[in-house]
Amino acid sequence: EYYPQMMSLGLPRVQYTARDVSTGLLYMGFAQERSLTNATLFAEYLNTELQRNGADLSRTVRQTDNGSEYIGAVTAKEPSAYTKVIEAVHGQLHRTIPPAAHTFQADVETVHNLVEIEFYEIEKGIKNREDFLAKATTYQLFFNLVRTNSYKEHKTPWQLTQEKQPLLSRQITMIPPIYIEDLLEIKVENSFRVGHDVPSTP
């Protein structure tokens, strides 16, 4: 259902997903390719927005699979740019799952299936890239604030967040999906603005 719209309107080919295992809160980013740069920019965006909205990331673990978009080259001797951005937040760790242990990613794979059924298969009248992002934002708000989850006590992610972290503002559920390549353009523009000769990217 999504593929013809993606091809004709230049809509995103890749979805980057972050999900809090404890509450089910969902955050999405979109891009044209899967890459270490895009994964790193999305991680940086989430770190900034979560902290801006009061989240304490100092005792958290960001878990990913072993894709090159997270670890860089398999033979790399140093932590990837993604790992460095995650662990630049004091106390936050990046951990990868054991090779081929896909059940470790069950939470995020479950949400991918839900998003496919409840968003990509339903939204057939997308007008352009702005409309796609608006619809994705609406879906993410629905998921975090309205949709109950039978595997999580038949509660919404926001209800569980209130129980576990009552001091957090509801804004924590409203961090909008973004086009990740737009973040790269902003980063490059800002790099030139401050007088760097060569733009720095992750």
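This text follows the structure it describes.
The rules we used
- Residues numbered from 1 in each chain as written.
- Predicted model: local features only at pLDDT ≥ 70, side-chain atom pairs only at ≥ 80, totals over all residues.
- Heavy atoms only, no water.
- Helix = DSSP H or I, 4+ residues; strand = E, 2+ residues; numbered from the N terminus.
- Contact = heavy atoms within 4.5 Å.
- 1 Å grid on protein atoms, 1.4 Å probe; cavity = no way out; pocket = protein on both sides within 12 Å on 5 of 7 lines; lining within 4 Å.
- Points joined across faces, edges and corners; volume = space filled by probe spheres on them.
- Nonpolar A, V, L, I, M, F, W, Y, C, P; charged D, E, K, R; others polar.
- Pairing = 2+ DSSP bridges.
- Axes fitted to C-alpha atoms, helices over the stretch in contact; angles between N-to-C directions.

## Observations concerning the environment of E1
Step number 1: By the secondary structure assignment, E1 is in the segment before α1 (3–9).
Step number 2: Along the primary structure E1 and N190 are separated by 189 residues, whereas in three dimensions their C-alpha atoms are 38 Å apart.
Step number 3: In contact with E1, not counting residues within four places along its chain, are Y120, E121 and K124.

## Thoughts on the layout of surface pockets
Step number 1: Size it by volume and the second largest pocket reaches roughly 160 Å³.
Step number 2: Along the walls of the second largest pocket sit L41, E44, Y45, T48, E49, L183, I186 and K187, which together make up its complete lining.
Step number 3: For the lining of the second largest pocket, the element with the highest residue contribution is helix α2 (residues 36–52), accounting for five residues.
Step number 4: Broken down by class, the residue content of the lining of the second largest pocket amounts to four nonpolar, one polar and three charged.

## Side note on the sheet that holds strand β2 (residues 26–31)
Step number 1: Spatial strand order, β1-β2-β5: three strands in an open sheet with mixed pairing. Unpaired on one side and paired on the other, β1 (14–19) and β5 (178–179) mark the two borders of the sheet.
Step number 2: Sheet analysis places β1 next to β2, joined by six bridges and oriented antiparallel. In the strand pairing of β2, T17 is matched with M28.
Step number 3: In the packing of helix α5 (residues 106–120) onto the sheet, the strands contacted are β1 and β2, and the crossing angle to β1 comes to about 125°.

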